[in-house]
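Structural overview
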Amino acid sequence: MPDSANSDILIVDDESDIRELIADILEDEGHGARTARDADTCMAEMNTRAPDLMILDIWLKDSRMDGIEILKTVKRDNPSVPVIIISGHGNIEIAVAAVKQGAYDFIEKPFNIDKLLMTVNRALETSRLRRENAALRTQSGPRTELIGNGGAIRALRQQLDRVAKSKGRVLLSGPPGSGKDVAARYLHAQSDRADQPFVIVPSATIEPDRMEEVLFGVEHEGRAHDPGLFERAHGGTLFFDEVADMPPVTQGKILRVLVDQAFTRINGADTVRVDVRVVSATNKNLNHEIEQGRFRQDLYHRLNVVPLEVPGLDSRREDIPLLVEYFTKQLNEEQGLPMRELSEDAAAMFQTLPWPGHVRQLRNMIERILILGPDEGEIAVSELPQETDGAEPGGRDALSAALAGLPLREAREVFEREYLIAQINRFSGNISRTANFVGMERSALHRKLKSLGIVTLSRGGTRMAAIEDEEDGDEV
């Protein structure tokens, strides 16, 4: 909501002298003023841009709707716009009727200028406070810190900070559980829209036949409309979570809204104009979805103005101890679970485990350990599940079986290779830290890695170790 001294006010009166007089008074006070002479010009102005306040005459000569009917329509379609009624034929019955239909106040003609300005300023201030409270309620939800100091998460933060102040649409990609929703909330919080709503469209969970109703809202005869998510996000950010799951028919309508920033509600005829920044997320390859005919190429190009990749946990292993500390504190505050720290051995184990479910899986494991484990003391290696959810079963047993069938020298080579790859990835490709932990000189470690055919390559903003025959990487 703009400051009350710089607001957009629509004046609707059939008398040109009155319209111009009120407009001059308001403009002298620093407000912007638009005018309309009847219902049609009023609705045209509303469809162009909803004002911050409307001043509306009850009696409109040669108009298809009188002031009360216009008031009903405005409060149905734009309930946040305060309306001040004016009339030269005022009486208590009209005043009561107008207030019952949602008018902020009633002023009789000829009006006192000081009273008019006082009423205008009060109406604008009341509307501003209501919008601020609504925005706070809408934004309540999970905390959205991007936890970590590793190269991958630092690179993502820098990219988000850079694009936050722009109006460009952002497409976030990354594996399930990597935290794309957190990145979207972080982007919103750093933007100029931070004090406006952040609204999520859960594309994968909304029934296809209800998608348009949920997005665009529904009009009802004789009662207020049900606003859709586009309207609820007006002024703020609309986040399409897993946008690839959007029904094809709805994709075309979303494309039109992105082009026009306007739409009509289900069962409605009036144009609703919105100002929203669209952020989308997907774990699918949208180019593949386009080739398969499941996603519109023109919508993809509209959404993919700024593509950003959210790294998976396998690219953020050095952040795992900080994430564990953060989730432990969060679970303590939300559920009263005990505050415990990772032992050094457990931290090392966490950093070397496979995490197919990424950050979401890590949080679930911490919650499980805190629920089932003791109320105090460090989290020990013995408390970790033998297998991580979604990992290939029998990982350790499979390695033991493979080693058992090899001569000692070859088994030692396999073990050293797997061990060093795990340690390098644990420290995000930092050879100095790896050498310090494993107890080797840096030069000796380099020679060992070369002899084992281990290289590093850049992936997701960090460096990862791999076997030279399997990956086309850079030498360590």
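Residues numbered from 1 in each chain as written. Predicted model: local features only at pLDDT ≥ 70, side-chain atom pairs only at ≥ 80, totals over all residues. Heavy atoms only, no water.

1. Concerning the sheet that holds strand S13 (residues 277-282)
- An order of S7-S10-S13-S6-S14 is seen for the five strands of this open sheet, with the pairing classed as parallel. The open sheet has two edge strands with one neighbour each: strand S7 (198-202) and strand S14 (306-309). The average angle at which neighbouring strand axes cross in this sheet is 20 degrees, direction not considered.
- Two elements, strand S6 (residues 170-173) and S13, share four bridges in a ladder whose sense is parallel. Bridging from a neighbouring strand, Leu 171 pairs with Ser 280 of S13.
- Relative to S14, helix H6 (residues 151-164) is tilted by about 160 degrees, and along the sheet it contacts S6, S13 and S14. (Pairing = 2+ DSSP bridges. Helix = DSSP H or I, 4+ residues; strand = E, 2+ residues; numbered from the N terminus. Axes fitted to C-alpha atoms, helices over the stretch in contact; angles between N-to-C directions. Contact = heavy atoms within 4.5 Å.)

2. Considering helix H18 (residues 431-438)
- For H18, the complete set of buried residues consists of Ile 431, Thr 434 and Ala 435. Viewed along the axis of H18, the buried residues span an arc of 100 degrees, placing them on a single side of the element.
- Packed against the buried residues of H18 are helix H17 (408-426) and helix H19 (442-452).
- Regarding H18, its N-cap is Asn 430, as a side-chain oxygen of that residue lies 3.1 Å from the backbone nitrogen of Ser 432 further along.
- Gly 439 lies just past H18 and shows a positive phi near 80 degrees. (Buried < 20%, exposed > 50% of the residue type's maximum accessible area, 1.4 Å probe, protein only. Arc of directions from axis to C-beta. Polar contact = N/O pair within 3.5 Å; in protein donor to acceptor, adjacent residues only side chain to side chain.)

3. Some remarks on the sheet that holds strand S3 (residues 53-57)
- Read from one edge to the other, the open sheet built from five strands follows the order S2-S1-S3-S4-S5, with strand pairing classed as parallel. Only two strands of the sheet have a single partner each, and these edge strands are strand S2 (32-36) and strand S5 (105-108). The average undirected angle you get between the axes of adjacent strands in this sheet is 20 degrees.
- Examined bridge by bridge, strand S1 (residues 8-12) and S3 share four bridges and lie parallel to one another. Across the sheet, the residue bridging to Ile 9 is Leu 53, located in S3.
- The strands touched by helix H3 (residues 67-77) within the sheet are S3 and strand S4 (83-87), with S3 carrying the most contacts at an inclination of about 160 degrees.

4. Some thoughts on a negative patch on the surface
- Together, Asp 17, Glu 20, Asp 24, Glu 27, Asp 28 and Glu 29 make up a negatively charged patch on the protein surface.
- By secondary structure assignment, the location of Asp 17 is in helix H1 (residues 16-28).
- The exposure class assigned to Asp 17 is exposed, which follows from its relative accessible area of 60%. (Patch = residues over 30% accessible without salt bridge, like charges linked within 9 Å, V, L, I, M, F, W, Y side chains within 5 Å. Areas by Shrake-Rupley, 256 points an atom, 1.4 Å probe, with all protein chains shown as cover. Salt bridge = Lys/Arg side-chain N within 4 Å of Asp/Glu carboxyl O. Lys, Arg positive; Asp, Glu negative; His and termini not counted. Charge placed at Lys NZ, Arg CZ, Asp CG, Glu CD.)

5. Some thoughts on the pattern of salt bridges
- What the rule picks out here adds up to 26 salt bridges.
- One salt bridge in this structure joins Asp 38 and Arg 37, with 3.9 Å as the shortest N-O distance.
- Within this structure, Asp 8, Arg 34, Glu 45 and Arg 49 form a network of salt bridges that share partners.

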